[in-house]
Amino acid sequence: MRIGLIFTAVKIICIGRNYAEHARELNNDVPGEPVVFMKPESALIRDGKPFFLPDHLGDVHHELEIVLRIGRNGKHIAERFAATYIDRIGLGIDFTARTLQSDLKGRGLPWELAKGFDGSAILGDWQTPEAVQWPGILSLRLEVNGETRQEGDTGQLLFSFEQIISFVSRYFTLKMGDLIFTGTPAGVGPVHRGDRLQGFLNDRPMLQCKVC
Ligand code: ZN
């Protein structure tokens with residue numbers, strides 16, 4: 001949205017290691033509080049546009065995640081009110097340059113280059129919380145070229161949607177339109193040119209992405 005010379009940017013907040021099995025597959029400890037990082041708005045890809053695999057980043061992994069869209073502004077949000085801040089629920093892919101991320105982690109450096117590059121945040125369709133029967137357990141599944149690669153459900157979350165919203169809003173004021181990627185289940189792996197990715201929320205197709 002543009003008002004005169006004032007721009008309002010969407011924040012893309014991401015939670016790492018929120019499914020224990022995924023934390024273990026990357027040899028990470030299971031965290032005691034949410035692991036938070038952010039992507040810039042320039043990372044977003046919408047409307048079924050393809051993902052152009054960068055040449056210079058090494059292995060790029062798919063991470064299918066449930067994404068929350070924030071519907072109103074708030075800070076220091078109590079867990080018991082957090083659900084009322086969720087306007088839409090959808091799926092996204094947190095593309096991760098894994099080779100680069102491992103290198104940055106090894107050197108104790110921030111992850112932004114490996115997590116926030118152009119095209120690293122794919123969004124699918126949105127549903128209202130009621131339409132996907134949330135609160136309630138949501139399942140997510142990623143198929144690559146028709147074969148299931150990632151599968152999980154929100155019963156496996158280390159931190160619930162409400163806990164995430166409450167935690168991050170202690171540090172960042174949440175604004176209408178902000179996005180929260182809530183973490184990925186086990187099964188992450190590299191993508192290749194020509195791959196077709198399809199994400200399902202409660203077995204409903206909600207995200208499609210071609211890798212070019
Ligand atoms: Zn992720």
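Just so you know, these numbers come straight off a predicted model, no measurement behind them.

Cut-offs and rules
- Residues numbered from 1 in each chain as written.
- Predicted model: local features only at pLDDT ≥ 70, side-chain atom pairs only at ≥ 80, totals over all residues.
- Heavy atoms only, no water.
- Helix = DSSP H or I, 4+ residues; strand = E, 2+ residues; numbered from the N terminus.
- Buried < 20%, exposed > 50% of the residue type's maximum accessible area, 1.4 Å probe, protein only.
- Phe/Tyr/Trp six-rings, centres within 6.5 Å; stacked < 30°, edge-to-face > 60°.
- Lys NZ or Arg CZ within 6 Å of the ring centre and 35° of its normal.
- Pairing = 2+ DSSP bridges.
- Donors = N, O, S within 2.8 Å, 3.2 Å for Na, K, Ca; no water.
- Core = buried A, V, L, I, M, F, W, Y, C linked by side-chain atoms within 4.5 Å.
- Contact = heavy atoms within 4.5 Å.
- Axes fitted to C-alpha atoms, helices over the stretch in contact; angles between N-to-C directions.
- Polar contact = N/O pair within 3.5 Å; in protein donor to acceptor, adjacent residues only side chain to side chain.

1. Quick notes on the environment of Glu-21
With respect to the secondary-structure elements, Glu-21 resides in helix H1 (residues 20-25). Sequence separation between Glu-21 and Gln-156 is 135 residues; the distance between their C-alpha atoms is 8.7 Å.

2. Notes on the environment of Val-144
Looking at the secondary structure, you find Val-144 in strand S11 (residues 139-144). Overall, the relative accessible area of 1% leaves Val-144 in the buried class. Residues Val-144 and Asp-178 lie 34 residues apart in sequence; the distance between their C-alpha atoms is 28 Å.

3. Comments concerning the packing of aromatic side chains
Counted by the stated rule, this structure contains five aromatic pairs. Consider the rings of Phe-37 and Trp-111, whose centres lie 5.5 Å apart with planes at 55°: the pair is tilted. Separated by 74 residues along the polypeptide, Phe-37 in strand S4 (residues 35-39) and Trp-111 in the loop between helix H2 (98-106) and helix H3 (112-115) bring together distant segments of the chain. Comparing Phe-37 with Trp-111 shows no difference in burial state: the two are buried. Here the aromatic rings of Phe-51 and Phe-117 are separated by 6.5 Å at their centres, their planes lie at 45°, and the arrangement is tilted. Within this pair, whereas Phe-51 is found in the loop between strand S5 (44-45) and strand S6 (60-62), its partner Phe-117 is found in the loop between H3 and strand S10 (121-127), the two being separated by 66 residues in sequence. We classify Phe-117 as buried; its relative accessible area is 11%. Cluster of aromatic residues (ring-pair linked, three or more members): Phe-51, Phe-95 and Phe-117. The side chain of Arg-69 reaches across the aromatic face of Trp-126, ending 5.5 Å from its centre.

4. Concerning the pairing of strand S3 (residues 12-16)
S3 sits mainly inside the fold: five of its five residues count as buried. The sheet contact formed by S3 and strand S13 (residues 179-181) spans three bridges and is parallel. Bridge pairing in S13 places Cys-14 opposite Phe-181.

5. Focus on the coordination of the zinc ion
In the first shell of the zinc ion, the protein supplies Glu-63 (OE), Glu-65 (OE) and Asp-94 (OD), at 1.9 to 2.1 Å from the metal. Overall, the relative accessible area of 4% leaves Glu-63 in the buried class. Here Asp-94 falls in the buried class, since its relative accessible area comes to 0%.

6. Comments concerning the nonpolar core
Phe-51, Ile-66, Ile-89, Phe-95, Ile-165, Ile-180 and Leu-197 are the most contacted members of the largest nonpolar core, which has 47 residues in total. Listing elements by their share of this core, those giving two or more residues are S3, strand S7 (64-70), strand S8 (86-94), S11, helix H4 (161-168), strand S15 (196-201) and strand S16 (204-210). Among the elements that take part in this core, H4 stands out by supplying five residues, more than any other. Residues in contact with Leu-197, not counting those within four places in the same chain, are His-62, Ile-93, Phe-95, Leu-142, Glu-143, Val-144, Val-191, Leu-207, Gln-208, Cys-209 and Val-211. Of all hydrophobic cores here, the second largest spans twelve residues; its members include Ile-12, Cys-14, Leu-44 and Leu-179.

7. Looking at the sheet that holds S4
Sheet strands pair by backbone hydrogen bonding; their relative direction is either parallel or antiparallel. The seven strands are arranged S4-S3-S13-S7-S8-S10-S5 in an open sheet whose pairing can be described as mixed. Strand pairing shows two members of the sheet lacking a second neighbour, S4 and S5, which therefore form its edges. Contacts from H4 reach S3, S4, S7, S8 and S13 within the one sheet, and its direction differs from that of S7 by about 60°.

8. With respect to the side chain of Thr-96
As for its placement among the helices and strands, Thr-96 is situated in strand S9 (residues 96-97). Taking the relative accessible area as the measure of exposure, Thr-96 reaches 0% and is therefore buried. Among the polar contacts made by the side chain of Thr-96, one reaches the main-chain carbonyl oxygen of Asp-94 at a distance of 3.1 Å.

Just geometry here; none of it tells us what the structure is for.
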